[in-house]
Every structure is written in structure tokens, then in C-alpha cells.
Amino acid sequence: MIDIAAPSFILGVVGAGAMGSGIAQVALTGGLSVRLTDANEAQLAKARTTLFQRLDRLVEKGEARPDRVAAAKARLSIVNSLTELRSCGIVIEAIVENLEVKRALFRQLEAVLAQEAIIASNTSSIPIAAIAQACTHRQRIAGMHFFNPVPLMRLVEIIASADTSAAAAEILTALGTRMGRTPVTVKDAPGFLVNFGGRAYYQEALHILQEEAATAEDVDLVMRECCGFRMGPLELLDLTGMDVNYPVSEIVHKGYWYDPRIKTTPLHEGMYLAGRYGRKTGQGFHRYDADGRKLAGAPPSPSRGSKPAHVILPEAQEGLVVLAVAAGVATDAADDGKSPILVAPWGEDCTAACARLGLDPRRTVAIDLSHDTSKRITMMTAPSADAAIGDAVAALLAAAGRAVTRITDSPASLRSASSR
């Protein structure tokens with residue numbers, strides 16, 4: 001029986017990239033001894049340096065005692081061969097998201113480790129049963145999916161296939177707790193829980209960008225400032241990297257029998273093929289400096305119009321009245337034939353709203369009230385709209401104290417599209 005509390009217990013980690021080094025770090029701060037290996041010796045050396053730097057920063061910020069960090073560093077062993085993992089009770093694999101590569105590694109690990117040792121994959125999307133199919137002792141194969149960046153993300157998914165023993169799943173759950181994570185047991189299915197649930201956030205943003213309804217900067221701004229997300233979906237894709245999230249998208253799409261609701265886009269594939277992986281390459285949906293810090297995008301165009309004296313509200317919308325009052329603009333339900341017309345459609349674009357209500361598309365502006373509008377508001381106009389009308393309404397919103405995001409006419413605007 002594996003005892004993760006025993007002084008002799010050693011955790012092995014295969015893969016010294018962002019995920020593998022992060023897993024090693026939280027294991028070390030959890031009091032465990034760790035053996036870290038990678039096929040790339042240069043990557044191993046880099047991982048040790050960056051891992052130790054992160055531990056040192058914990059001391060600088062007063063989040064860890066110097067003696068405990070020194071002890072954690074001493075518990076890390078960098079090894080160059082899988083045979084040096086022989087005495088590990090559990091090994092976590094954190095390598096490339098490729099089924100055949102993972103199967104080959106698991107076969108090698110089975111030849112090295114004791115029969116009772118547990119082998120867990122950090123895969124974010126591949127069913128554990130598919131990996132275990134290549135193994136002899138399938139009862140000890142399971143999933144232990146951490147999230148990037150590991151030291152900051154508390155959740156860890158524990159995945160048991162049909163062949164995984166209950167004991168193995170229980171031990172991995174205890175290990176996750178020892179590492180300071182919050183373990184959640186999930187079903188063995190493509191994408192598991194979080195990455196399957198996140199399809200809407202990623203994929204809809206990708207489709208919005210593919211259709212040129214908005215820029216990457218606009219999509220992320222609206223999701224952060226209006227919907228409360230700490231990162232926009234395209235920033236998040238840049239963080240995980242197209243080398244990871246594009247294959248994951250393909251795996252999940254195929255795993256659910258090509259359900260069109262979760263398909264990715266040609267743009268996403270193009271970024272992957274071009275090697276524009278995001279932060280790690282300095283170029284993704286956004287640009288980054290050598291330290292991975294996001295570079296500022298182009299500044300928004302200055303407002304070119306003046307707020308109107310009146311606006312027409314053909315439908316009763318309290319939110320639109322509030323904005324007009326805040327800007328000092330009068331409202332009227334009767335069309336005077338010249339003033340901007342404001343609508344707040346739900347699930348339709350400005351063109352469709354004009355057709356439904358019989359409005360002049362040249363003077364109609366759609367405002368998205370489906371989210372928090374205290375900081376930023378999204379507006380759109382029909383293709384035939386008078387540019388001066390759009391500028392005037394943008395000036396009205398600015399006068400009401402809101403930043404303005406202008407997008408191409410799109411059903412459901414940005415917030416609703418990115419959450420459907």
C-alpha cells in the first residue's frame with residue numbers, strides 16, 4: 001500500500017515544462033520529495049532554475065519561511081533517466097498531448113516501476129482508458145489533471161477509467177490534498193469536466209474572431225470588464241498555448257463524435273500551424289515581451305462625434321433610459337425622423353431588430369445590456385448605418401461615464417455569444 005505520508009515516499013514527475021515544473025513545485029511545498037525528469041536536458045536545467053526562482057519569490061513576498069524553502073529545494077532531484085524513477089511510489093506524466101507518445105511512455109514506466117506504483121497522466125483531454133489500453137496493469141493507471149499555472153490554480157481533477165482501482169483514485173485524491181490542491185473526481189471522457197465545460201468560452205470567442213465581429217482585444221476586454229472573468233478567452237488561449245489547446249480542441253471534438261457545437265476554427269488551426277502559440281513564443285492572439293508580459297495593443301480611436309440632444313426608444317428599456325439620463329440626453333418613444341434610435345436586443349443583431357420593429361437601419365444603434373454595464377458598453381450598428389449616428393451614440397455613452405466597444409453587427413453581441 002502506498003503511504004504518501006511516509007518519509008520514504010518519492011513522487012516522480014515526467015516532463016519539465018510549465019505543467020511538470022508547476023506540479024513539482026506544489027509537491028515540494030507540500031513536503032514531498034520529488035524526482036523530475038525530461039527527455040530534454042536543457043529543459044530540465046531551465047525548469048530547476050525557474051522553479052527555484054518561484055520558491056525564492058515566496059520568501060520575498062513573506063508567503064514562506066526561508067528554512068522551509070531551503071528544505072523544499074533540497075527535496076528536488078533532477079534525474080536524466082526513467083530508470084531513476086524506480087523507487088517512486090507515484091509518477092505523474094506531464095508531456096505532450098499526444099496519445100501514442102503517452103502510451104509509449106507509460107509502457108516504459110511499467111517496465112521500470114514496482115507493480116503497486118501508480119502512474120497518473122496530467123492529460124487535459126485524452127480519456128484515461130485510451131492511455132491505459134497500452135498498459136499491462138491498468139488498475140494503477142489514472143488521471144491527475146492540474147491547471148496552469150499550477151501554483152496558483154487550486155483545482156485538480158482526479159480521473160478514474162473503468163479499470164482504475166478505487167484505491168488508486170483515493171491515493172491520488174489524498175496526494176492532491178497533500179499538494180495543497182482541491183481534488184475533484186470526474187468522469188473519464190474527452191476534456192473531462194473543466195476543459196469540456198470551457199468549450200463555450202474558448203470556441204465562441206474563436207468564432208467571433210473568425211467572423212471578424214470584434215478584435216481579440218475587444219473580446220477580452222468585454223469578458224473581463226463586463227462579465228467578471230479574470231482573463232479573457234483569447235488571453236487564456238495564449239497562456240495555455242496553441243500547441244496545447246488546439247490539439248485538445250481536436251481531441252474533444254472527435255471524442256464527442258464531431259458535435260458541431262464544440263468545433264474549433266480555421267483561424268485556431270492557422271495559429272497552431274504557424275507556431276504562434278501565445279506567451280511562450282511572444283505571439284498569439286496578442287503580443288508578448290521576452291518575460292511573457294502582454295504588450296499594449298493599438299489605442300482606441302478617439303470619439304469623433306457629439307452626443308445627440310434626443311434619442312428614440314421604440315421599446316421600453318430601463319437600462320437605455322438610465323444611460324440617456326446619465327448623459328443628459330432626452331428620450332422619446334415617437335420617432336422624429338432624424339434622432340438616433342436605441343434598441344437593446346437579446347439574441348439578435350441590429351439588422352434583425354430593425355426588421356422586427358420596422359426601424360430605420362441608418363439611424364439605429366443596438367446596445368448590449370445583458371451584462372454589467374457600469375464600466376464598459378458594447379454597441380453595434382447595421383451595415384447600412386450612418387457613421388455619424390454611431391459616433392453620436394458613442395459620445396452619449398462616453399458622456400454617461402462608460403468606455404465603449406464597437407463591434408460588427410452580430411447576433412447576441414459579444415457576451416451572449418461567448419457564453420452560449
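Whatever comes next refers back to the structure up there.
Definitions and limits used
- Residues numbered from 1 in each chain as written.
- Predicted model: local features only at pLDDT ≥ 70, side-chain atom pairs only at ≥ 80, totals over all residues.
- Heavy atoms only, no water.
- Salt bridge = Lys/Arg side-chain N within 4 Å of Asp/Glu carboxyl O.
- Helix = DSSP H or I, 4+ residues; strand = E, 2+ residues; numbered from the N terminus.
- Buried < 20%, exposed > 50% of the residue type's maximum accessible area, 1.4 Å probe, protein only.
- Phe/Tyr/Trp six-rings, centres within 6.5 Å; stacked < 30°, edge-to-face > 60°.
- Expected span 1.5 Å × (residues − 1).
- Pairing = 2+ DSSP bridges.
- Right-handed = clockwise from strand over helix to strand, strands pointing away.

Some remarks on the pattern of salt bridges
Pairs may arise between side chains of opposite charge once their charged atoms sit close together.
Then, number 1: Scanning all chains against the criterion turns up 21 salt bridges.
Then, number 2: Note that K294 and E217 form a salt bridge whose closest N and O atoms lie 3.4 Å from each other. Highlighted residues: K294 in the loop between α12 (266–273) and β9 (310–312) and E217 in helix α9 (residues 216–225), separated in sequence by 77 residues.
Then, number 3: The class for K294 is partly exposed, based on a relative accessible area of 30%.
Then, number 4: For E217, a relative accessible area of 26% puts it in the partly exposed group.
Then, number 5: Put simply, D289 and R293 hold a salt bridge, and the shortest N to O gap is 3.1 Å.

Here's the deal with the packing of aromatic side chains
Then, number 1: A full pass over the atoms with the stated rule returns five aromatic pairs.
Then, number 2: Taken together, the ring pairs in this structure connect Y201, Y202 and F229 into an aromatic cluster.

Observations concerning helix α1 (residues 18–29)
Then, number 1: If you check α1, its first and last C-alpha atoms are 17 Å apart, about what twelve residues at 1.5 Å a residue would give, namely 16 Å.
Then, number 2: Most of α1 is tucked away: nine of the twelve residues are buried.
Then, number 3: Every buried residue of α1 is accounted for by G20, S21, G22, I23, A24, Q25, V26, A27 and L28.
Then, number 4: One or two positions beyond α1, positive phi appears at G31, with a value near 90°.

Here we look at the pairing of strand β4 (residues 90–93)
Then, number 1: Here β4 shows no split at all, with I90 and I92 on one side and V91 and E93 on the other all buried.
Then, number 2: Two strands pair when backbone bridges link them, and strand β1 (residues 10–14) and β4 are joined in this way by four bridges, in the parallel orientation. Looking at the pairing, V13 lines up with I92 of β4.
Then, number 3: Here β4 pairs with strand β5 (residues 118–121) via four bridges, running parallel. By the bridge assignment, I92 is partnered in β5 with A120.
Then, number 4: Handedness of the β-α-β unit built from β4, helix α4 (residues 99–112) and β5 comes out right-handed.

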